[in-house]
Amino acid sequence: MELNARIPSGPLEQKWDRHKFALKLVNPANKRKYTVIVVGSGLAGASAAASMGELGYQVRCFCFQDTPRRAHSIAAQGGINAAKNYQNDGDSIYRLFYDTVKGGDFRAREANVYRLAQVSVDIIDHCVAQGVPFAREYGGLLANRSFGGAQVSRTFYARGQTGQQLLLGAYSALERQIAGGTVAMFPRTEMLDLIVTEGRAVGIVTRDLVSGKVESHFADAVVLASGGYGNVFYLSTNAKGSNVTATYRAYKRGAAFANPCYTQIHPTCIPMSGDYQSKLTLMSESLRNDGRVWVPRAAGDKRAPGDIAEAERDYYLERKYPSFGNLCPRDIASRAAKEVCDEGRGVGETGLGVYLDFADSINRVGEDKIRERYGNLFDMYERITGENPYRVPMRIFPAVHYTMGGLWVDYNLMSTIPGLFVHGEANFSDHGANRLGASALMQGLADGYFVIPYTIGNYLAQVKPGSWRADSADAKAACVDATARVDRLLSINGTRTVDSFHRELGKIMWSDCGMARNQTGLAEALQRIPELRAEFWRSVRVLGRGEEFNQSLEKAGRVADFLEFGELMCRDALHREESCGGHFRTEHQTADGEARRDDDQFCYVGAWEYRGDDRAPVLHKEPLVFENVKLATRSYK
């Protein structure tokens with residue numbers, strides 16, 4: 001396997017423009033001869049399908065939800081970054097590029113990140129033209145607020161519903177193409193496998209989630225925009241349906257999986273309240289603009305927050321990171337919260353929580369202004385907890401949120417399988433070891449609206465349209481394998497539920513590959529996960545039949561892939577003997593508890609190649625070269 005990133009030559013700020021000009025083109029009359037499959041209908045998928053439909057390609061878009069509007073992108077709250085510098089506070093494309101590289105702890109490609117910063121300015125204009133109702137200042141100009149890891153205000157937002165509003169914009173563009181006949185939508189349809197023939201991706205195997213029918217679909221290229229793998233931890237802020245199956249199936253067909261150990265723990269989530277919970281709830285990072293994070297100074301202090309005097313409070317983020325304060329990056333804020341809770345200073349019944357207090361901001365700007373900025377978020381918090389955050393500080397605690405790892409892609413967003421392109425959270429390309437807040441929406445829309453319309457044409461111009469063979473041995477084998485996997489799950493008839501296995505896997509992953517990892521824990525996880533997987537295939541009980549609507553079967557297939565993928569994550573975390581961003585090895589930290597990178601040994605992308613169920617995967621390395629930013633110890637103090 002060769003990792004050829006295909007990064008263009010020339011100055012950083014000219015790479016993308018030069019590359020666009022050098023790409024091969026497909027003339028408009030020929031575009032309608034090509035078929036493209038898009039898996040996923042969130043921001044990355046819907047924007048890609050709509051854009052390619054607009055260009056004239058024949059697009060088939062698949063999602064397992066009943067409508068594209070239910071994609072998990074809808075759950076994003078706080079905002080989307082763009083280097084517009086509307087606030088005249090020193091922002092620029094280069095500063096967004098630098099903040100993103102630094103925020104990712106220098107573990108991302110310079111060229112990809114700079115392109116992301118470049119096209120960010122166009123995303124906002126595009127979405128405004130679609131009617132996305134971004135917040136505006138009194139005079140009508142678009143408003144901005146700050147997010148973690150930046151000292152400028154570059155985040156555009158629609159209260160706490162930014163993901164929903166952006167998705168509705170992309171959905172409207174998608175529906176326009178569906179009505180125009182360039183996009184065919186396949187809801188309630190889940191990808192079970194990738195079809196690779198003669199070394200290139202030519203289709204997918206799917207299961208109709210209503211009828212249970214397993215069938216094959218073919219195209220000249222395939223785009224995966226299926227999201228991340230955070231639900232390997234069982235408890236996360238992700239929708240319950242979010243899964244790794246599409247990308248993991250592609251990995252088993254030859255696509256390299258890059259940096260799977262890079263997962264993001266979000267510091268601002270509602271704490272878990274009991275074992276009965278099946279997911280966790282995010283509270284937007286935007287709240288840290290006006291909320292102050294604190295815990296009692298004394299361990300074991302269980303008084304009500306209003307009874308704890310100012311002198312007896314520890315505003316630990318402001319104390320430890322005075323330059324950025326409560327807006328330090330997510331990985332740093334999360335570890336700091338864990339640290340004070342480990343010291344016995346956590347709040348709430350479980351002691352796994354810290355306060356996010358708005359009293360000072362309410363006194364400064366008034367409750368009406370806070371309600372205007374965050375009202376829907378406060379309402380959601382009160383419904384879940386029964387506490388009024390205007391009167392009592394919120395209780396928050398870190399939770400799994402986003403995954404920076406994903407399928408390896410080159411500069412054109414193509415994987416190691418020719419014809420397989422990967423977008424958004426499903427690829428690894430832009431965020432390094434830690435994503436800055438409000439950059440996920442930016443990447444998803446950049447990939448779909450502004451990158452793939454150029455780069456997929458370069459590939460298709462070299463492919464004869466309709467040149468796949470639906471009756472090839474590889475195509476038939478992929479369909480047979482998917483059907484056999486379904487039949488096997490249904491035939492076990494064991495005694496344990498799918499959820500019981502998922503929950504047990506999640507506890508292993510959180511304990512040994514969560515906010516902190518070490519060699520002992522990872523080695524233990526690599527022993528326990530295969531044992532749990534073997535138990536799953538002996539004892540799981542999947543009710544119902546395959547030829548019907550069967551959510552138990554859906555979950556079983558996804559958990560089966562998580563049980564394999566969890567092992568790959570731990571293997572990646574074990575080999576990376578350093579701490580960087582969200583990957584924190586306790587053996588590799590400074591005297592004051594900060595991450596210690598090892599640039600001499602680990603300044604590379606780690607991409608894993610599947611070699612068979614009975615063989616260890618092979619690690620390939622793409623060196624990261626920094627010519628425009630200086631490798632430096634990340635500091636937010």
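Quick summary incoming for the structure in this document. Note that the coordinates shown come from a computational prediction; the quantities given were computed from them, not determined experimentally. (Residues numbered from 1 in each chain as written. Predicted model: local features only at pLDDT ≥ 70, side-chain atom pairs only at ≥ 80, totals over all residues. Heavy atoms only, no water.)

### Regarding the pairing of strand β2 (residues 58–62)
Each regular strand shows side chains that alternate between the opposite faces of the sheet. Where strand β1 (residues 35–39) lies against β2, five bridges are found, and the strand directions are parallel. In the sheet register, Val 38 faces β2, and the bridge partner there is Cys 61. Read as a crossover between parallel neighbours, the route from β1 over helix α3 (residues 43–55) to β2 is right-handed. As paired elements, β2 and strand β5 (residues 183–186) share four bridges and run parallel to each other. Paired with Phe 62 across the strands is Phe 186, a residue of β5. (Pairing = 2+ DSSP bridges. Helix = DSSP H or I, 4+ residues; strand = E, 2+ residues; numbered from the N terminus. Right-handed = clockwise from strand over helix to strand, strands pointing away.)

### Overview of the environment of Ala 158
With respect to the element layout, Ala 158 can be found in the loop between β4 (155–156) and α6 (162–180). By relative accessible area, which is 7% here, Ala 158 ends up buried. Ala 158 sits 28 residues away from Gln 130 along the chain, and the two C-alpha atoms are 14 Å apart. In this structure Ala 158 touches Pro 133, Phe 134, Ala 135 and Gln 165, once residues within four positions along its chain are discounted. (Buried < 20%, exposed > 50% of the residue type's maximum accessible area, 1.4 Å probe, protein only. Contact = heavy atoms within 4.5 Å.)

### Structural notes on the packing of aromatic side chains
Here a ring pair, both rings aromatic, is described through the centre-centre distance and the interplanar angle of the planes. Scanning all chains against the criterion turns up 29 aromatic pairs. Taken together, a centroid distance of 6.4 Å and an interplanar angle of 10° make the contact between Phe 218 and Trp 468 stacked. With a gap of 250 residues between them, Phe 218 in strand β8 (residues 214–218) and Trp 468 in the loop between α12 (440–460) and α13 (473–491) connect regions that are remote in the sequence. Relative accessible area serves as the criterion here: at 12%, Phe 218 is assigned to the buried category. A centroid spacing of 6.3 Å and a plane angle of 15° characterise the contact between Tyr 374 and Phe 378, whose relative ring orientation is stacked. Highlighted residues: Tyr 374 and Phe 378, both in helix α11 (residues 367–385), separated by four residues, approximately one helical turn. A relative accessible area of 0% places Phe 378 in the buried class. (Phe/Tyr/Trp six-rings, centres within 6.5 Å; stacked < 30°, edge-to-face > 60°.)

### What about the sheet that holds strand β14 (residues 354–357)?
In space, the five strands of this open sheet follow the order β11-β15-β14-β12-β13, with antiparallel pairing throughout. Single-partner strands in this sheet number two, and they are β11 (263–269) and β13 (313–314). Summarising the sheet, β11 and strand β15 (residues 394–403) pair through five bridges and their orientation is antiparallel. If you follow Cys 269 over to β15, its bridge partner there is Phe 397. Contacting β11, β12 (292–296), β14 and β15, helix α9 (residues 330–342) crosses the sheet at an angle of about 65° to β11. (Axes fitted to C-alpha atoms, helices over the stretch in contact; angles between N-to-C directions.)

### Considering the sheet that holds strand β18 (residues 604–609)
Strand order across the open sheet formed by four strands is β16-β10-β18-β19, with antiparallel pairing between neighbours. Edge positions in the sheet fall to β16 (406–407) and β19 (618–623), since each of these pairs with one other strand and no more. By the bridge criterion, two bridges tie strand β10 (residues 257–258) to β18 in an arrangement that is antiparallel. Note that in β18 the partner of Ala 258 across the bridge is Ala 607.

### Re the environment of Asp 193
Along the chain, Asp 193 falls in strand β6 (residues 189–197). Taking the C-alpha atoms as reference, Asp 193 lies 21 Å from Phe 536; in sequence the two are 343 residues apart. Excluding residues within four positions of it along the chain, Asp 193 makes contact with Ile 204, Val 205, Arg 249, Arg 253 and Ala 478. Only 2.8 Å separates the side chain of Asp 193 from the side chain of Arg 253, close enough to count as a polar contact. (Polar contact = N/O pair within 3.5 Å; in protein donor to acceptor, adjacent residues only side chain to side chain.)

### So, the pattern of salt bridges
Within the structure shown, the criterion is met by 59 salt bridges. The shortest N-O distance in the salt bridge between Arg 558 and Glu 190 comes to 2.8 Å. Note that Arg 558 is positioned in helix α16 (residues 551–575) and Glu 190 in strand β6, a separation of 368 residues in sequence. The two residues Arg 558 and Glu 190 agree in class, both being buried. Here Glu 524 and Arg 528 are joined by a salt bridge, their closest N and O atoms 3.8 Å apart. Taken together, the residues span about one helical turn, with Glu 524 and Arg 528 both in helix α15 (residues 519–539) at a distance of four residues. (Salt bridge = Lys/Arg side-chain N within 4 Å of Asp/Glu carboxyl O.)

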